[in-house]
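Spelled out, the chains give:
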Amino acid sequence: MKHKLKNIFIFFIISVSMVSCARFKVEKLSPNELFSIPVDRKPDHLNFPEQKGLYYEIPGRIAVVDDWLVVSESSNKVIKIFKDNKLHTLISSENNKKNPAPDEKKDSKKEDFQKIFSKHLNVPGGLAAGKEDDFYAINFIAPSETNKGDEGEPSGFYKILHFDVKGKFLHMIGRQAKMDVPFESILWMDVDDDNNLWVLYKYVEEIVLDEYKDGELIHSISQKDCEAALFNNVSIDKSEIAQCEQMYPFNSDKKVLMIGRIDKLPEKKSDVDSIYVFQHRVYKTKNLKNGKIETIFDNMNDPEDYPYLPYSSNILIWKTVRVDRFKLAVYDTDGDLVKYFQIDLPGKRNSWRSTYTTLSGKFYSLRVHNKSLHVVQWK
């Protein structure tokens, strides 16, 4: 009898597990290659530094604008715009006129792409695709003798450049839309459905989320604003610290996702080597039109569930299952699990450089394989 009851119990557990698994759909995304650009020394291809067969300075984010591909080359101080896998326009820093890179020197072959020298471009980095045949580029301005940090060492800074896909310069964006005020550190940027640019950055060791339209500041949410929304009327123990960890906008709603993290402080204040111990995360949304704040989660306690971007009217939580597999849990704003997206990276893991999502809900990966940069969209 005892043995029979044990079998029934096991059968019940298996049945519940099967129902639970079936309830939450796992949607395996498939790779679709959009572009494949050779990486070599030819001026109409890509040119990244190489050491012992390993390419580096591959940008973490590129810009896919319909059938246009925009890629930055930091060391060469250029931005390359491709169409149908062929170089269409090269935007180059004016500094390259004095010191041209090897692939910029004139040769007997006539170049069949447009070359534009920009006085605004210095060292380009991450990119974001716009909605109106345009894109944004993070632009690093290198240190100089007249620009020194607190310790007397030269320190560079950042501004954001806005171009169209034909290479025409549109705007320069400084922090808080002040042309002469740079960003110290840009953490993330992307455009929403209205083609407004959102920038998450650090200022005086605190995060700030700004929204810009045509170079003008529309909204700015500080870390203090975020923490007031997240932890108002929440009792925080003296042995804990509560901080705003991330802020991201929704693509088509004037609403911001705010994620807060609560950690346990070291037991001894004098123990500077001790680290904070993760306790849980809080997820809330703030409506920018009426200021209404709504709670999604008030106690997410798995530190491996990394908060990520909103996805349509839902949110994403990223989990790395293994080195070649990612899962993104899709939750609605009531906190209910809708489904999972799963991405499996084929081939050698070290050939895949970055995988990311845009505000418009597109999943991209960059891969360097067979001496080419492959741009993959997951669907």
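The structure this text deals with has already been given above.
Residues numbered from 1 in each chain as written. Predicted model: local features only at pLDDT ≥ 70, side-chain atom pairs only at ≥ 80, totals over all residues. Heavy atoms only, no water.

## Notes on the overall build of the protein
Move 1: Assigned secondary structure in the protein consists of two helices and 28 strands.
Move 2: The 379 residues of the protein split such that 45% are buried.
Move 3: The contacts of the protein with a sequence gap of at least 6 include a subset with a gap of at least 24, amounting to 49%.
Move 4: Carbon and sulfur atoms provide 49% of the accessible area of the protein, an area that totals close to 20700 Å². (Helix = DSSP H or I, 4+ residues; strand = E, 2+ residues; numbered from the N terminus. Buried < 20%, exposed > 50% of the residue type's maximum accessible area, 1.4 Å probe, protein only. Contact = heavy atoms within 4.5 Å. Areas by Shrake-Rupley, 256 points an atom, 1.4 Å probe, with all protein chains shown as cover.)

## Things to note about the pairing of strand 21 (residues 293-300)
Regular strands show a simple pattern: their side chains alternate between the two faces of the sheet.
Move 1: Bridge analysis of strand 20 (residues 277-287) against strand 21 gives five bridges, and the strand direction is antiparallel. From the neighbouring strand, arginine 281 faces strand 21, where its bridge partner is methionine 300.
Move 2: A loop of five residues connects strand 20 with strand 21, the two strands running antiparallel in sequence, and glycine 291 in this loop sits at a positive phi of about 80°. (Pairing = 2+ DSSP bridges.)

## Describing the environment of arginine 349
Move 1: Along the chain, arginine 349 turns up in the loop between strand 25 (337-344) and strand 26 (352-357).
Move 2: Between the alpha carbons of arginine 349 and valine 323 there is a distance of 7.0 Å; along the sequence they are 26 residues apart.
Move 3: Discounting residues that sit within four places of it in the chain, arginine 349 has contacts with Val323, Asp324 and Phe326.
Move 4: For arginine 349, the side chain forms a polar contact with the main-chain oxygen of valine 323, separated by 2.4 Å. (Polar contact = N/O pair within 3.5 Å; in protein donor to acceptor, adjacent residues only side chain to side chain.)

## Considerations on a negative patch on the surface
Move 1: On the surface, Asp66, Glu132, Asp133, Asp214 and Glu216 cluster together to form a negatively charged patch.
Move 2: Mapped onto the fold, aspartate 214 is located in the loop between strand 16 (206-213) and strand 17 (216-222).
Move 3: Note on aspartate 214: relative accessible area 52%, which makes it exposed. (Patch = residues over 30% accessible without salt bridge, like charges linked within 9 Å, V, L, I, M, F, W, Y side chains within 5 Å. Salt bridge = Lys/Arg side-chain N within 4 Å of Asp/Glu carboxyl O. Lys, Arg positive; Asp, Glu negative; His and termini not counted. Charge placed at Lys NZ, Arg CZ, Asp CG, Glu CD.)

## Here's the deal with the pattern of salt bridges
Move 1: Per the stated rule, a full pass over the model turns up 16 salt bridges.
Move 2: Of the charged contacts, one joins aspartate 192 and lysine 254 as a salt bridge, the two residues approaching to 3.7 Å between their closest N and O atoms. Of this pair, aspartate 192 sits in the loop between strand 14 (185-191) and strand 15 (197-203) while lysine 254 sits in the loop between strand 18 (240-249) and strand 19 (255-264); the two residues are 62 residues apart in sequence, bridging distant segments of the chain.
Move 3: Of the residues examined, aspartate 192 reaches a relative accessible area of 2% and is grouped as buried.
Move 4: Since its relative accessible area comes to 21%, lysine 254 is described here as partly exposed.

## Description of the pairing of strand 24 (residues 325-331)
Move 1: Of all the seven residues making up strand 24, five are buried; the element is thus mostly covered by neighbouring parts of the structure.
Move 2: In the sheet, strand 23 (residues 314-322) pairs with strand 24 via seven bridges, with the strands oriented antiparallel. Paired with threonine 320 across the two strands is phenylalanine 326, which belongs to strand 24.
Move 3: With antiparallel pairing between neighbouring strands as the criterion, strand 23 and strand 24 make up a hairpin whose turn holds two residues.
Move 4: Pairing analysis gives seven bridges linking strand 24 to strand 25, with the strands arranged antiparallel. Among the inter-strand pairings, tyrosine 331 is bridged to a residue of strand 25, identified as leucine 337.
Move 5: Adjacent in sequence and paired antiparallel, strand 24 and strand 25 are bridged by five residues, among which glycine 335 carries a positive phi angle near 90°.

## Side note on the state of the cysteines
Here, the word disulfide means a covalent bond between the sulfur atoms of two cysteines.
Move 1: On inspection of all chains with the given rule, the structure shows one disulfide.
Move 2: The side chain of cysteine 226 participates in a disulfide bridge whose partner is cysteine 244; the two sulfur atoms lie 2.2 Å from each other. Handedness of the cysteine 226-cysteine 244 disulfide follows from its S-S torsion of about 80°: it is right-handed. In this pair, cysteine 226 sits in helix 2 (residues 223-231) while cysteine 244 sits in strand 18, placing the two residues 18 residues apart along the sequence.
Move 3: The class of cysteine 244 is buried, set by a relative accessible area of 6%. (Disulfide = S-S within 2.5 Å.)

## Notes on the nonpolar core
A general feature of soluble globular proteins is that nonpolar side chains tend to end up buried together.
Move 1: Counting residues in each nonpolar core, the largest one holds 58 residues, and the members touching the most others are Leu69, Met247 and Phe363.
Move 2: In this structure, methionine 247 is in contact with Leu200, Ile207, Val208, Leu209, Ile221, Ser222, Gln223, Cys226, Val256, Leu257 and Met258, ignoring residues within four places of it in sequence.
Move 3: Within the second largest apolar cluster, 16 residues are counted, among which are Ala63, Val65, Phe163 and Val165. (Core = buried A, V, L, I, M, F, W, Y, C linked by side-chain atoms within 4.5 Å.)

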